[in-house]
Amino acid sequence: MANNATTPLDPNVQGSHDVTVFETETLVSRIGWTIGRNKLLFGGLFLILFIVLFAILGSIFIDEERTEVGYAMAPQETADGSIKETVAPRLRPSREFWFGSDQFAVDIFAYVAYGTMGTLWMGFIAGSIGIGIGTLLGFVAGYFGGKIDVIVVILSDALITIPGLILLITVSAYLDQLSVEQLGILIGVISWMGTARVVRAQVLTLKSRAYVEVSKFNGQSDIEIVVAELIPNLAPFIAAAFVGAVAGAILLSIGLSALGLGPQNEPNLGLMAFWFIRFGAVPQGLWWWFGPPIVVIAIFVVGLFMVTAGLDQIANPRLRTSV
Amino acid sequence: MTVDYVLKRAGMFVLIIFVAGTLNFAVPRLRPTNPVEERMNQLLQQAGGVHISNVEEMIARYEDRFGLNNPLWLQYVNYWISLSRLDFGQSIAYFPAKVTEEIRQSMPWTIGLVGVTTVMAAVIGSFFGAWLGWTRTPLAISFVVPLLLIVTAVPFYLLGLLMMWVFTVWWPLLPGGGAYDFAIPPSFTLASILDILEHAILPATAIILSSIGFWGLGMRGMMVTTMGDDFIKLAEFKGLKERRIFLRYAVRNALLPQVTGLAINLGFVVSGSVLVEVLFAYPGIGNLLYTAITSNDYFLIQGVLMYVIFAIGLMLFIVDMIYPLIDPRIRYRSA
């Protein structure tokens, strides 16, 4: 659609090769242009990138040993005047321990970096699975209609009535120790309904458009139509749904882990919340313990919200004037 | 209102209850461990590892008592029979206590805390959002939007935690947990009511602050769309007063999705707010569920879950029924 305005419709130049090159160029420049113009999207991507880089660089450059119980050491003068290293819990932030240490003498800076990595990874898995199931079911339901459609709609209507956290808490009560990956899969499996609804609604409106009719008339198969005509038009919706799903999954997982029902053996921000609640970091005023994870979560989720809002503006041009 | 539409919605409601009820029956039974045995071992450990010779016999007795020895289909039938009588059985953890009794005791606290805060957040947020979306609001106010976004982004239990730190440690002003002072048992006296309110301030503020942005931003978006509609232009050209355009034309129309949203959210109130309740040791439904799970109390878990799903399903059904009355544009076509 975009190149109609700029390409002269000269039949001699219409080699398929040239057209492809032209299309990719416009696509790239269009994405660049959109991100540049769209302050929300740009700002959100920046915040997300900041946290992702922190997690990746942190878990590459920081020694994993620092996240273990009893790592933080403090020099102490013994009776005979020699200096002895002792385990030092609840250290204030210092040059050696940027965010101090917690009750168990774990280096908080290192733990937050590794924990962010764990939480992001979980959110990515959950978001991908949720979006995969949701898109597939939404497509099938919207495109083929009939009995499949009815089943998908009823299933998603029924599942959406159960609050995610309640469902998750209950299911986790019957499972043994979860790993970060298993939790991601579990959350993904229970959070596809929103995506399925959005995709289904879009497919329903798209499939009656003229260009889809034309493709059908030209003898393209269903799969060809879905890949070539529907997916490109749905991309902004799916992207927005993915971002929303990741944000939702991360908040859910933190909630679950903060109750002590999530993964226990791998660093993640929710587990950190569980420990600092359990060991009274708040009444003790250990702000360097509970502060950093809260700040990381806030920055990341604000970033995701901004990206969703920005993508919504692309998908739904009526909103564009508003910000 | 067509009969067809009502029947479809009612069928949906029944289906939700059936699916949820069946899952609720099946999932706990998929677990390999025996809940009664687990509870016994837990009690024995608490008693300091006392050796009791007839544990096996006690377990068998209890299993008999809870009907866990019957064939699965019989258990399933019995399960639905007792559900239809709103009987969820007895709690394993607080043994002689009935599950319904436990739920009944927690419900007022949850409805009081989460219900009131949900309504407050929706009202405050919607009107604030309407004001933000109003074209004549000074531009300087728009700095509030990112602020709302940030407060909404922080999960409310973490927001509650920060507030707990500020108001109980840093500047000790408010109680840090519980729903009332144990010296003042809850009653309808002024002292008791003030005490309960004082205990509710922190968790309530946490919930309101974190959900106000959701309502505010949603309302603002709807206002922006509504303000672009032709009937607003017409009202302006007719020379109507600004106040009238704002309230009667813009807000009235933009409010519809907010009303539905509120109705749906009221359904979710009964599920409480597990994290806030646990964090502030508030004796509501969320806390009850948490206790049930940490003590492997399956009957209590089932009871709470069933109760919550029933309430939400019923609320959604009611919303479906009243929504066309609020919004005349919907004529039950897309049922």
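Our structure's up above, just so we're on the same page.
Keep in mind that what you see is a predicted model, and the values were worked out from it rather than measured.

Novice: What exactly am I supposed to notice about the overall build of chain B here?
Specialist: What chain B contains, in helices and strands, is 14 helices and zero strands. The secondary structure elements of chain B, listed N-terminal to C-terminal, are α-α-α-α-α-α-α-α-α-α-α-α-α-α. Taking all 335 residues of chain B together, 46% fall into the buried category. Within chain B, contacts between residues separated by at least 24 positions form 73% of all contacts whose residues are at least 6 apart in sequence. Summing over all exposed atoms, chain B offers an accessible surface of approximately 17400 Å²; the carbon and sulfur share of this is 68%.

Novice: Can you walk me through a negative patch on the surface in this structure?
Specialist: Residue and element names in this part refer to chain A. A contiguous patch of negative charge on the surface is contributed by D63, E64, E65 and E68. One can find D63 in the loop between α2 (39-61) and β1 (73-77). A relative accessible area of 47% places D63 in the partly exposed class.

Novice: Would you explain the interface of chain A and chain B in this entry?
Specialist: Note on interface size: it is often stated as the accessible area lost on association of the parts. Listed by partner, the interface residues are 38 residues for chain A and 39 residues for chain B. Across the chain A/chain B interface, buried area totals approximately 3600 Å², and carbon plus sulfur atoms make up 82% of it. At the junction of chain A and chain B, the tally comes to one residue pair in polar contact (both at pLDDT 80 or more). When residues of the side of chain A that touches chain B are traced back to their parent elements, those giving at least two are α4 (146-160), α5 (164-173), α9 (222-258), α10 (269-278) and α11 (287-315) of chain A. The greatest single-element share of the side of chain A that touches chain B, amounting to nine residues, is contributed by α11(A). Taken together, the residues of the side of chain A that touches chain B sort by class into 30 nonpolar, five polar and three charged.

Novice: Looking at this model, I keep getting lost on the packing of aromatic side chains. Mind explaining?
Specialist: Remark: the centre distance and the inter-plane angle together describe each pair of aromatic rings, the angle taken between the planes. As enumerated under the stated definition, the model contains 17 aromatic pairs over all chains in all. Ring centres of F54(A) and F109(A) lie 5.8 Å apart, and the angle between their planes is 70 degrees; on these two criteria the pair is classed as edge-to-face. Within this pair, whereas F54(A) is found in helix α2, its partner F109(A) is found in helix α3 (residues 108-144), the two being separated by 55 residues in sequence. Owing to a relative accessible area of 18%, F54(A) belongs among the buried residues under this scheme. Each ring, one from F128(B) and one from W131(B), has its centre 6.3 Å from the other, and the planes form 40 degrees; the classification is tilted. Of the two residues, F128(B) and W131(B) both sit in helix α5 (residues 99-133), three residues apart, roughly one turn of that helix. By relative accessible area, which is 30% here, F128(B) ends up partly exposed.

Novice: In this structure, what is going on with helix α7 (residues 156-170) of chain B? I would like to understand it.
Specialist: Residues spaced three or four apart along an α-helix point in a common direction, a consequence of the helix completing one turn every 3.6 residues. Between its first and last C-alpha, α7(B) extends 20 Å over 15 residues, near the 21 Å set by a 1.5 Å rise per residue. When α7(B) is considered as a whole, its buried residues turn out to be Y157(B), L158(B), L159(B), G160(B), L161(B), M163(B) and M164(B).

Novice: When you look at the pattern of salt bridges in this model, what are you seeing that I'm missing?
Specialist: Opposite charge on two side chains permits them to pair, given that their charged atoms come into close proximity. Residue and element names in this part refer to chain A. With the rule as written, the count across this model stands at two salt bridges over all chains. R200 is the salt-bridge partner of D149, the closest N and O atoms lying 2.6 Å from each other. Of this pair, D149 sits in helix α4 while R200 is found in helix α7 (residues 193-206), placing the two residues 51 residues apart along the sequence. Assessed through its relative accessible area of 23%, R200 is described here as partly exposed.

Parameters and conventions
Residues numbered from 1 in each chain as written. Chains lettered and ligands numbered in written order. Predicted model: local features only at pLDDT ≥ 70, side-chain atom pairs only at ≥ 80, totals over all residues. Heavy atoms only, no water. Helix = DSSP H or I, 4+ residues; strand = E, 2+ residues; numbered from the N terminus. Buried < 20%, exposed > 50% of the residue type's maximum accessible area, 1.4 Å probe, protein only. Contact = heavy atoms within 4.5 Å. Areas by Shrake-Rupley, 256 points an atom, 1.4 Å probe, with all protein chains shown as cover. Patch = residues over 30% accessible without salt bridge, like charges linked within 9 Å, V, L, I, M, F, W, Y side chains within 5 Å. Salt bridge = Lys/Arg side-chain N within 4 Å of Asp/Glu carboxyl O. Lys, Arg positive; Asp, Glu negative; His and termini not counted. Charge placed at Lys NZ, Arg CZ, Asp CG, Glu CD. Buried area = accessible area lost by both parts, 1.4 Å probe. Polar contact = N/O pair within 3.5 Å; in protein donor to acceptor, adjacent residues only side chain to side chain. Nonpolar A, V, L, I, M, F, W, Y, C, P; charged D, E, K, R; others polar. Phe/Tyr/Trp six-rings, centres within 6.5 Å; stacked < 30°, edge-to-face > 60°. Expected span 1.5 Å × (residues − 1).

Keep in mind these numbers describe shape, not what the thing actually does.
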